[in-house]
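Architecture at a glance
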Amino acid sequence: MHCGRFRTLLRLPLACTYPFFIGTELACAGGTNLYGLMSEDLDLKDILKASGFRFNKALGQNFITDGNLLCAIVADSGVTSEDVVIEIGTGAGTLTRALAATAKRVISFEVDKNLAPVLDLSLKGIENAEVVFRDILRMTDEELTAIVGCPFKVVANLPYYVTTPMILRFLESELPSLSLTVMVQKEVADRLVANVGSPDYSSISLAVQAAGNARITRAVGKKMFYPMPSVDSAVVRIDVDRNKLSGENVALVKKIIRAAFAMRRKTLVNNLVVAFGVSKAEGTAIVEDVGLSPLVRGEALSLSDFVALSRSPLLCR
Ligand code: SAM
């Protein structure tokens, strides 16, 4: 695999031209030293410090500081030389560069323009990677399509403060995402892949199930990041399957799911009454018609139960 050259990515010997990426091709090319720094062993922390970069905690800036992990994420994503990749959150460009070594093209979106000087250096000479300094959550589908222009895979060490909106941005839009491979907090990962019956099962588990098939590919300890976050993480891969609910009223299925989890302690019937304005008797009939107990709670329903409910004439009127 192409990624082998990143193995010692973040430990830097003296006098590297491209200090983030001490690989066989790039190591110490040119024999000069960035920033005029003289030290026996520079690493990511030194580079960021030397470039005057200040971490913005509010933007979820916890960068990956392990070369093997970068390679593992690329492998987990299944990205090949045929793939165009969208990365969310370029950071210092380490994952961007690892992806570019394998993918056809990487388009990485970063909201923090203060990273520009760092990225000028870390991505220098990488022809198939480009950084777009935009808040990806504020971009329309049309804007993204104009930049990317073809089906793509999403790979990201997600900023934790916006994990769910970022994932839904790609799962629930018309954008042609093929898969999402994302680093998220461990507890979020558990929710993303949870099935009915699990305490982690929630509306986001169902949103993922409705759009594809998800699995945790690896657990990642908090020590793998700089600065170190307070919680452990995991990588989740979601392979998008747009046919899962084909022929169904997807908007209604989602509305019922939202209603069912709106007040978790309430019965499904009571939540339907509130969300759809049906009477209690109608709510009971809707639930019994699909073979469920009128006392059931939303958390006990599978995706196919929600689809069955969406076919009720009383809900789609
Ligand atoms: N990919 C890098 C890595 O793995 O080391 C950085 C990951 S860091 C967890 C998340 C990055 O996302 C930060 O650089 C942060 O500035 C950026 N970010 C946060 N919110 C964003 C947004 N709405 N749009 C684009 N980038 C964002």
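Our subject in this report is the structure included herewith. (Residues numbered from 1 in each chain as written. Predicted model: local features only at pLDDT ≥ 70, side-chain atom pairs only at ≥ 80, totals over all residues.)

Side note on the overall build of the protein
Operational definition: By the criteria applied, helices consist of DSSP H or I runs no shorter than four residues and strands consist of E runs no shorter than two, each listed in order from the N terminus. With C-beta atoms placed from the backbone, a residue counts as buried when 20 or more other C-beta atoms lie within 10 Å of its own, as exposed when 12 or fewer do, and as partly exposed for counts between those limits. Here, residue contact means that the backbone-derived C-beta atoms of the two residues sit within 7 Å.
Check the secondary structure of the protein and you find 12 helices and 11 strands. For the protein, buried positions account for 42% of its 317 residues. Taking the contacts inside the protein whose residues are at least 6 apart along the sequence as the reference set, 63% of them involve residues at least 24 apart.

Side note on the site of the ligand
Note the cut-off: Placing a C-beta atom from the backbone of each residue, we mark the residue near a molecule or strand if the atom is within 6 Å of it. When residues are sorted by character, Ala, Val, Leu, Ile, Met, Phe, Trp, Tyr, Cys and Pro go into the nonpolar class, Asp, Glu, Lys and Arg into the charged class, and all the rest, Gly among them, into the polar class.
By nearness alone, 23 residues border the ligand, and Phe63, Gly89, Gly91, Asn157 and Pro159 come closest of all. Looking at the shell around the ligand, the elements with two or more residues in it are strand S3 (63-64) and helix H3 (94-100). Tallied by class, the residues present in the shell around the ligand amount to 12 nonpolar, 8 polar and 3 charged.

Some words on the packing of helix H9 (residues 250-262) against helix H12 (residues 303-310)
Short version of the rule: Under this scheme, a helix contributes an axis fitted over its contacting stretch, all axes are lines through C-alpha atoms, and angles between N-to-C directions fall in the 0 to 180 degree range. Every angle not falling under 35 degrees, over 145, or within 65 to 115 is termed oblique; those three ranges are roughly parallel, roughly antiparallel and roughly perpendicular. Crossings are sorted by hand: turned counterclockwise from the far helix by less than a right angle, the near helix makes the crossing left-handed, and turned clockwise it makes it right-handed.
In contact at an axis separation of 9 Å, H9 and H12 are set at 115° when each is read in the N-to-C sense. Between H9 and H12, the angle is such that the two are roughly perpendicular. Relative to H12, the crossing made by H9 is right-handed. Only Phe306, Val307, Leu309 and Ser310 of H12 make contact with H9, whose side of the interface consists of Leu252, Val253, Ile256 and Ile257. Of the residues that constitute the contact of H9 with H12, the class distribution is 7 nonpolar, 1 polar and no charged.

Structural notes on helix H2 (residues 67-77)
Helical periodicity: at 3.6 residues per turn, an α-helix aligns residues three or four positions apart in one direction. All of the buried residues along H2 are Gly67, Leu69, Leu70, Cys71, Ile73, Val74 and Ser77. Along its buried surface, H2 packs onto S3, H3, strand S7 (152-157), strand S8 (177-185), strand S9 (212-220) and strand S11 (233-240). Note on H2: the residue one or two positions beyond its end, glycine 78, has a positive phi of about 70°.

Some points on the sheet that holds strand S4 (residues 84-88)
To keep things clear, this is the line we draw: For two strands to pair, DSSP has to find at least two bridges joining them.
Spatial strand order, S6-S5-S4-S7-S8-S11-S9: 7 strands in an open sheet with mixed pairing. The open sheet terminates on both sides in strands that have one partner only, identified here as strand S6 (129-132) and S9. Put simply, the sheet's adjacent strands are angled 20° from each other on average, direction ignored. Where strand S5 (residues 105-109) and S6 come together, 4 bridges link them in parallel fashion. Considered in S6, the bridge of phenylalanine 109 is made with valine 132.

Considerations on H12
Listed as buried for H12 are Asp305, Phe306, Val307, Leu309 and Ser310. Summarising the contacts, the buried residues of H12 are in contact with helix H8 (203-211), H9 and helix H11 (280-289).

A few points about the nonpolar core
Quick note on the threshold: In this description, a nonpolar core means buried residues of the types Ala, Val, Leu, Ile, Met, Phe, Trp, Tyr and Cys, linked to one another by C-beta atoms lying within 7 Å. A domain assignment, automatic or from a database, supplies the domain bounds used here.
Within the largest apolar cluster, 81 residues are counted, with the highest numbers of intra-cluster contacts made by Leu99 and Val236. When residues of this core are sorted by domain, at least three fall in each of domain 1 (29-240) and domain 2 (250-316). If near-sequence neighbours (up to four positions away) are discounted, valine 236 is found in contact with Val182, Val184, Ala189, Leu192, Val193, Ala214 and Ile216.

Some details on the environment of leucine 206
Tracing the backbone shows leucine 206 in helix H8. On the basis of neighbour counts, which here come to 25 C-beta atoms within 10 Å, the residue leucine 206 falls in the buried class. On a C-alpha basis, the gap between leucine 206 and leucine 192 in space is 8.2 Å, while along the polypeptide they are 14 residues apart. When near neighbours in sequence (up to four residues on either side) are disregarded, leucine 206 contacts Ile257, Leu303 and Phe306.

As for the packing of helix H10 (residues 268-276) against H11
Between H10 and H11, the least distance of the axes is 9 Å, while the angle of their chain directions is 125°. As summarised for this structure, H10 and H11 are arranged oblique, according to the angle between their axes. When the axes of H10 and H11 are compared, the crossing they make is right-handed. Contact residues: Leu268, Val269, Leu272 and Val273 in H10; Lys280, Gly283, Thr284, Ile286 and Val287 in H11. Residue composition of the contact of H10 with H11, grouped by class: 6 nonpolar, 2 polar and 1 charged.

As for the environment of isoleucine 204
For isoleucine 204, the position within the fold is in helix H8. Looking at isoleucine 204, the number of C-beta atoms within 10 Å reads 20, which means it is buried. Sequence separation of isoleucine 204 and isoleucine 257 is 53 residues, and the distance between their C-alpha atoms is 9.5 Å.

A look at unusual backbone geometry
Along the chain, tyrosine 226 connects to proline 227 via a cis peptide bond; the corresponding omega equals -5°. When you line up the elements, proline 227 lands in the loop between strand S10 (225-226) and S11.

What to know about the pairing of S6
Two faces make up the sheet, and in a regular strand the side chains alternate between them. Short version of the rule: Viewed with both strands pointing away, a crossover whose connecting path from the first strand over the helix to the second turns clockwise is right-handed.
Burial of S6 is one-sided: the residues Ala129 and Val131 facing one way are buried, the residues Glu130 and Val132 facing the other way are not. The parallel pair S5 and S6 is bridged by helix H4 (residues 116-122), and the resulting crossover is right-handed.

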